[in-house]
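Per-entry structural report
Now for the letters of each chain:
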Amino acid sequence: MAHTLPVGRFAPTPSGHIHLGNAFSSLIAWASVRSQHGRMVLRIEDIDPRAQDRRVADDLMRDYEWLGLDWDEGPYFQSDRLDIYEQAVDSLTARGLTYPCFCTRSELHSATAPHASDGTFVYQGTCRHLTADQVREKSKHRHPATRLKVPDAGSAEGQVTIRDRVYGDYHEDLATDCGDFLIRRSDGVFAYQLVVVVDDGLMGVNEVVRGRDLLPSSARQTYLARLLHLPEPSCAHVPLLVAPDGRRLSKRDRDTDISSLREAGISAEAIVGRLANLIGLAERGEAISAEEFANRFTWDAVRHHKRDVVVTENFFLE
Ligand code: GLU
């Protein structure tokens, strides 16, 4: 059988600049694909209208290029692909797999609802059995979100096991571990879970590499891919870079932005070298290019260093 070349992707949300955590997972995604002579796709995940500033997307691309990362296809913008997502939701609805949900945020956050593994609430199915009359009545007051029905607890179809390349097997029984989940929000915006699956499937992505915080999402995404008859990509989740108080690095940590580091006079090679050092691929203080990172890259290196990393003020001095 012919060996399938890997197709990976950068899938940034343009809600801020690329920070060290994004750079780390992007570098690994790129190095894995490049070291196997595969193809890289760039997809700007601007599905949320609050993240549709093309200047921010331009800055992201500039940061990638400055780091030495490149891509073969794209950029695709999710905001240009709404018809495609609509068709996917319609096809699931036509098969009786979805229902409108009128629950408000406060109803969803009821104290008794169990938590899913990623901290979200397991939906208790409140709107699953509304009659057509109830739906009509409720629609007068509130625009519904759309939920996907997951199979009954304990059923074979509701079991999803992810073979993660770094963290090993991750299992969910969808009914008890996440519940019926949103594929479209009440404001009409398509849910991340839906669009990522549709896009990865249609763009031929067969290797998903991203932060460990998204591992639980993989179960929902795998289930959706099965329903939509899309191939299931391989998964590799990588450790997170966290602030000293344990939070995931975010837009608030401006000093870890790639653009701030660049302005502070730190070279791309120093950043790549420091990130390579986290997984044992470079000596302390060694500066290397992204290309050299790809030459040295192995998945074993990530597997041997899978704990989250605390980024302190002295990150580049340590
Ligand atoms: N757009 C997501 C983010 O920037 C990544 C989604 C994914 O890799 O599946 O966090």
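Residues numbered from 1 in each chain as written. Predicted model: local features only at pLDDT ≥ 70, side-chain atom pairs only at ≥ 80, totals over all residues. Heavy atoms only, no water.

**Thoughts on the pattern of salt bridges**
Applied cut-off: Here, a salt bridge means any Lys or Arg side-chain nitrogen found within 4 Å of an Asp or Glu carboxyl oxygen. By definition, any uninterrupted DSSP run of H or I lasting at least four residues is a helix, any uninterrupted run of E lasting at least two residues is a strand, and each is numbered from the N terminus. Exposure classes here rest on a 1.4 Å probe applied to the protein chains alone. A residue is buried below 20% of its type maximum, exposed above 50%, and partly exposed in between.
Within the structure shown, the criterion is met by 27 salt bridges. Notably, a salt bridge pairs arginine 212 with aspartate 308, separated by 2.5 Å at the nearest N-O pair. Of this pair, arginine 212 sits in the loop between β9 (207-211) and α8 (215-227) while aspartate 308 sits in the loop between α12 (299-303) and β12 (309-310), and the two are 96 residues apart along the sequence. Its relative accessible area of 30% is what places arginine 212 among the partly exposed residues.

**Observations concerning the sheet that holds strand β5 (residues 145-148)**
Going by this rule: Each pair of strands is called paired provided DSSP finds at least two bridges between the two strands. The angle between two axes is taken between their N-to-C directions and runs from 0 to 180 degrees, where each axis is a line fitted to C-alpha atoms and a helix contributes only its stretch in contact.
Reading across the sheet, the three strands line up as β4-β5-β8 and stay open at both edges, with antiparallel pairing between neighbours. Only two strands of the sheet have a single partner each, and these edge strands are β4 (98-101) and β8 (181-184). Going across the sheet, the axis of each strand differs from the next one's by a mean of 45 degrees, ignoring polarity. Inspection of the sheet shows β5 paired to β8 by three bridges, in the antiparallel sense. If you follow threonine 146 over to β8, its bridge partner there is arginine 184.

**As for the side chain of aspartate 173**
As a reminder, the rule being used: For the purpose of counting charges, residues Lys and Arg are taken to be positive, whereas Asp and Glu are taken to be negative. His and the chain ends are not included. Whenever a nitrogen or oxygen atom comes within 3.5 Å of another N or O atom, the pair is scored as a polar contact, on the condition that within protein one atom can donate a hydrogen and the other can accept it, and that pairs from neighbouring residues in sequence are kept only if both atoms are in side chains. Residue contacts are counted whenever heavy atoms from the two residues lie within 4.5 Å of one another.
As for its position among the elements, aspartate 173 is in strand β7 (residues 168-173). Within the buried set, aspartate 173 has no salt-bridge partner at all; the shortest N-O distance to an opposite charge, 10 Å, is to arginine 128. A distance of 2.9 Å separates the side chain of aspartate 173 from the backbone nitrogen of glycine 154, its partner in a polar contact. Excluding anything up to four places from it in sequence, aspartate 173 contacts Asp152, Ala153, Gly154, Gly158, Gln159 and Cys178.

**Some details on the site of the ligand**
This is how the line gets drawn: Definition of nearness: a residue and a molecule or strand are near each other if at least one heavy atom of the residue lies within 4 Å of the molecule or strand. Surface accessibility in these figures is a Shrake-Rupley result with a 1.4 Å probe; residues are shielded only by whichever protein chains are displayed. Gly is put with the polar residues, along with every residue not named as nonpolar or charged; the nonpolar set is Ala, Val, Leu, Ile, Met, Phe, Trp, Tyr, Cys and Pro, and the charged set is Asp, Glu, Lys and Arg.
Taken together, Arg9, Ala11, Pro12, Thr13, Glu45, Tyr192, Val196, Arg210 and Leu214 make up the full set of residues near the ligand. The backbone of alanine 11 places a nitrogen or oxygen atom 2.7 Å from a nitrogen atom of the ligand. Contacts to the ligand include tyrosine 192, whose side-chain N or O atom sits 2.7 Å from an oxygen atom. For the ligand, the accessible surface in isolation is 300 Å², of which the surrounding protein chains cover 80%. Class assignment for the residues of the shell around the ligand results in five nonpolar, one polar and three charged.

**Description of the environment of glycine 204**
Mapped onto the elements of the fold, glycine 204 is located in the loop between α7 (192-202) and β9. A relative accessible area of 35% means that glycine 204 is categorised as partly exposed. Residues glycine 204 and aspartate 90 lie 114 residues apart in sequence; the distance between their C-alpha atoms is 22 Å.

**What about the packing of helix α3 (residues 82-94) against α7?**
The condition is simple: In what follows, roughly perpendicular refers to angles from 65 to 115 degrees, roughly parallel to angles under 35, roughly antiparallel to angles over 145, and oblique to any angle outside these ranges.
The interhelical angle for the contact between α3 and α7, taken along N-to-C directions, is 110 degrees, at an axis separation of 10 Å. Viewed along their axes, α3 and α7 adopt a mutual orientation that is roughly perpendicular. For the pair formed by α3 and α7, the contact residues are Ile84, Tyr85, Ala88, Val89 and Leu92 on the first element and Leu194, Val195, Val198, Asp199 and Leu202 on the second. When grouped by side-chain class, the residues that make up the contact of α3 with α7 number nine nonpolar, no polar and one charged.

**With respect to the nonpolar core**
Rule in force here: Nine residue types can take part in a nonpolar core, namely buried Ala, Val, Leu, Ile, Met, Phe, Trp, Tyr and Cys, and a core is a set of them joined through side-chain atoms within 4.5 Å.
The biggest cluster of nonpolar side chains holds 50 residues, and the ones touching the most others in it are Leu20, Ile28, Leu241, Leu275, Phe293 and Trp299. For this core, the elements supplying multiple residues, two or more each, are α1 (20-35), β2 (39-44), α2 (54-67), β10 (234-238), α9 (258-263), α10 (268-278), α11 (290-296) and α12. Of all the elements, α1 adds the most residues to this core, at nine residues. If we skip the residues at most four places from it in the chain, tryptophan 299 touches Ile28, Ser32, Arg165, Val166, Glu207, Val209, Ala236 and Val238. Grouped together as the second largest cluster of nonpolar side chains are 31 residues, Tyr85, Val150, Val197 and Tyr223 included.

**What to know about the packing of α1 against α10**
Following both chains from N to C, one finds α1 and α10 inclined at 75 degrees, their axes separated by 10 Å at the closest point. Looking at the two axes, α1 sits roughly perpendicular to α10. Residues Leu20, Ala23, Phe24 and Leu27 of α1 touch α10, and the partners they reach there are Ile271, Val272, Leu275 and Leu278. The residue inventory of the contact of α1 with α10, partitioned by class, reads eight nonpolar, no polar and no charged.

**Looking at the packing of aromatic side chains**
As a reminder, the rule being used: To pair, rings of Phe, Tyr and Trp, with the six-membered ring standing in for Trp, must have centres within 6.5 Å; the planes then decide the type, stacked if under 30 degrees apart, edge-to-face if over 60, and tilted in the middle.
Summed over all chains, the structure comprises seven aromatic pairs. When the centroid spacing of 6.3 Å and the interplanar angle of 70 degrees are considered together, the rings of tyrosine 64 and tryptophan 71 count as edge-to-face. In terms of burial, tyrosine 64 and tryptophan 71 fall into one category: buried. Between phenylalanine 315 and phenylalanine 316, the ring centres sit 5.3 Å apart and the planes meet at 90 degrees, which makes this aromatic pair edge-to-face. When its relative accessible area of 2% is taken as the criterion, phenylalanine 315 is described as buried. With relative accessibility at 27%, the residue phenylalanine 316 sits in the partly exposed group.

**Things to note about unusual backbone geometry**
In the segment running from glycine 74 into proline 75, the intervening peptide bond is cis, with an omega of 10 degrees. Phi is positive for histidine 37, close to 60 degrees, though the residue is something other than glycine. You can see histidine 37 is positioned in the loop between α1 and β2. When its relative accessible area of 65% is taken as the criterion, histidine 37 is described as exposed. Its identity as a non-glycine residue notwithstanding, histidine 229 has a phi of 55 degrees, on the positive side. On the basis of relative accessible area, histidine 229 is assigned to the exposed category, the value being 66%.

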